[in-house]
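An overview of the molecular structure
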Amino acid sequence: MITISNLTKKYGDKYALDNISFNVKKGEVLGFLGPNGAGKSTTMNIITGYISYTDGSVNIDGYDILENPIEVKKKIGYLPEIPPLYLDMVVWDYLEFVYELKKIKTEDEKSHIQQVIDMVKIDNVKNRKIANLSKGYRQRVGLAGALIGDPEILILDEPTVGLDPKQIIEIRNVIKELGKEKTVILSSHILSEISAVCDRVIIINKGKFVAEDTPKNLSDKLGDNKKMLFRISGDRKKAENILNSFDGISNVTCVSSENDSYDFEFDNAMAAEEKKKMFFAFAENEIPILMQKEIEPSLEDIFLKLTDNTSEKEENTNESDI
Ligand SMILES: Nc1ncnc2c1ncn2[C@@H]1O[C@H](COP(=O)(O)OP(=O)(O)OP(=O)(O)O)[C@@H](O)[C@H]1O
């Protein structure tokens, strides 16, 4: 459905994208993962025809984006990172405006807009001014705008940035539903975000391709190096010694303390039997374990695992926030 070949975008001498190639199959939900400045928005802006590129090609459902820009744009609904909403407009009027802009002729306008409103669950705010909506609802209005015209492909640039946890879950559910019918590319800088909704993940960093896999395989690749957070109460030194006495535990660090409770972070590659022994060791030393949890791997962990870092060190790191 989407074929990106050797895509390169230069700003002056600087490469925002450097020879990126990938495919997206019809009906697939593809995650585009990378830190700030990786080139996610640049790629999406090129696919949607908003900006040009320096080299390579973009083909959407058989159409080259440069040769058939109108055909391509008809097939794509785009939700940029900051949706371009007119805050003074009422939701319904805004969607009518988008309908006119997209020059959609075949549908019954009112029923189509209502259908889109139902899809993203904004019926309760359709007569309200966009300025008075929460960020979560504004994001859904932006998504509704992208869905006007029933495009086959949806391109969503960091759709959950700035939303609260409840809004994140709601918008994720909407995207999951849409993913059943449409081809979706979704960008994010959070692995769990992508894992929750995507069939496949492409990781880019500083404009370069890093890896491509299913969320499960990516997580398995990181699996032998999971980070754990452990909260204990009691003797800090003793607890540290117990943790360090196990082969499967490394890089033990006390990250915070409050009264007599301490939070330790460590890399955990323990087998199940070893884990049991560790719990008994804490019990024998009368050190209660107050809490334990696995820490989501950061993008930094993923890059360290998936890439040879030497090439990264040669490059300017100012833009990245990892
Ligand atoms: N108009 C521009 N002029 C010069 N450099 C640009 C321009 N737009 C983007 N860049 C640079 O291109 C690189 C990729 O930017 P891009 O916005 O695509 O990254 P991103 O992965 O979307 O990051 P973010 O999550 O911060 O949006 C960055 O180094 C950025 O500074």
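Computed from a predicted structure; not experimentally measured.

**As for the site of the ligand**
In the vicinity of the ligand lie 14 residues, with Lys-14, Gly-37, Lys-40, Ser-41 and Thr-42 positioned nearest. Take Ala-38: an N or O atom from its main chain is 3.0 Å from an oxygen atom of the ligand. When the free accessible area of the ligand is taken as 640 Å², the share hidden by the protein chains comes to 67%. Broken down by secondary-structure element, the contributors of at least two residues to the shell around the ligand are β2 (14-24) and α1 (40-47). A per-element tally of the shell around the ligand places α1 first, with 3 residues. Here the shell around the ligand is built from residues that sort into 4 nonpolar, 5 polar and 5 charged.

**A look at the side chain of Lys-75**
Within the secondary structure layout, Lys-75 lies in helix α2 (residues 69-75). Accessibility expressed as a relative area gives 12% for Lys-75, which makes it buried.

**Regarding the sheet that holds strand β4 (residues 55-60)**
In spatial order, the strands read β2-β1-β4-β5; together these 4 strands make up an open sheet with antiparallel pairing. Two strands lie at the open edges of the sheet, namely β2 and β5 (63-64), each paired on one side alone. Pairing between strand β1 (residues 2-11) and β4: 5 bridges, direction antiparallel. Across the sheet, Ile-4 pairs through a bridge with Val-58, a residue of β4. Against the sheet, α1 makes contact with β1, β2 and β4, and its axis sits at roughly 60° relative to β2, the strand it touches most.

**Let's talk about the packing of aromatic side chains**
Summed over the entire model, instances satisfying the criterion amount to 6 aromatic pairs. On the numbers, 6.2 Å between centres and 45° between planes, the contact of Phe-230 with Phe-279 is tilted. Linking Phe-230 in strand β11 (residues 226-233) with Phe-279 in helix α10 (residues 272-284), this pair joins segments that are 49 residues apart in sequence. Using a relative accessible area of 0% as the deciding quantity, one classes Phe-230 as buried. Taking the centre distance of 5.8 Å and the plane angle of 35° together, the rings of Phe-230 and Phe-282 count as tilted. With Phe-230 in strand β11 and Phe-282 in helix α10, this residue pair connects regions lying 52 residues apart in the sequence. Note on accessibility: Phe-230 and Phe-282 belong to one class, buried. Joined through ring pairs, the aromatic side chains of Phe-230, Phe-266, Phe-279 and Phe-282 make up one cluster. Above the plane of the ring of Tyr-137 lies Arg-140, whose end atom (NZ or CZ) is 4.6 Å from the centre.

**Let's talk about the environment of Ser-245**
Here Ser-245 shows up in the loop between α9 (236-244) and β12 (249-258). On a C-alpha basis, the gap between Ser-245 and Ile-302 in space is 27 Å, while along the polypeptide they are 57 residues apart. Side-chain polar atoms of Ser-245 contact the backbone oxygen of Ile-242, separated by 2.6 Å.

**Description of the sheet that holds β11**
Here 4 strands make up an open sheet; going across it, the order is β12-β13-β11-β14 and the pairing antiparallel. The two strands at the open ends of the sheet, each matched to only one other strand, are β12 and β14 (289-295). Each adjacent strand pair in this sheet contributes to an overall mean axis angle of 20°, direction not counted. Strand direction decides the pairing type here: β11 and strand β13 (residues 261-268), joined by 8 bridges, are antiparallel. Along β13, the bridge assignment pairs Lys-226 with Asn-268. Sheet strands in contact with α9 are β11, β12 and β13, and its direction is about 15° off that of β13.

**Description of the domain arrangement of the protein**
Each domain of the protein was delimited in the assignment, giving domain 1 (2-220) and domain 2 (227-295). Between the C-alpha centres of domain 1 and domain 2 there is a distance of 42 Å.

**Some points on the environment of Phe-22**
Summarising the element assignment, Phe-22 is placed in strand β2. Phe-22 gets classed as buried once you look at its relative accessible area, which sits at 5%. Residues Phe-22 and Leu-229, spaced 207 residues apart in sequence, show a C-alpha to C-alpha distance of 36 Å. Aside from chain neighbours lying at most four places away, what touches Phe-22 is Ile-2, Thr-3, Ile-4, Leu-30, Phe-32, Thr-43, Ile-47, Ile-185 and Ile-202.

**Overview of α1**
Among the 8 residues of α1, 6 are classified as buried, and the element is accordingly described as predominantly covered. Listed in full, the buried residues belonging to α1 are Lys-40, Thr-42, Thr-43, Met-44, Ile-46 and Ile-47. Two residues or fewer past α1, Gly-49 is found with a positive phi of approximately 80°.

Analysis parameters
- Residues numbered from 1 in each chain as written.
- Predicted model: local features only at pLDDT ≥ 70, side-chain atom pairs only at ≥ 80, totals over all residues.
- Heavy atoms only, no water.
- Near = heavy atom within 4 Å.
- Polar contact = N/O pair within 3.5 Å; in protein donor to acceptor, adjacent residues only side chain to side chain.
- Areas by Shrake-Rupley, 256 points an atom, 1.4 Å probe, with all protein chains shown as cover.
- Helix = DSSP H or I, 4+ residues; strand = E, 2+ residues; numbered from the N terminus.
- Nonpolar A, V, L, I, M, F, W, Y, C, P; charged D, E, K, R; others polar.
- Buried < 20%, exposed > 50% of the residue type's maximum accessible area, 1.4 Å probe, protein only.
- Pairing = 2+ DSSP bridges.
- Contact = heavy atoms within 4.5 Å.
- Axes fitted to C-alpha atoms, helices over the stretch in contact; angles between N-to-C directions.
- Phe/Tyr/Trp six-rings, centres within 6.5 Å; stacked < 30°, edge-to-face > 60°.
- Lys NZ or Arg CZ within 6 Å of the ring centre and 35° of its normal.
- Domains from an automatic or database assignment.

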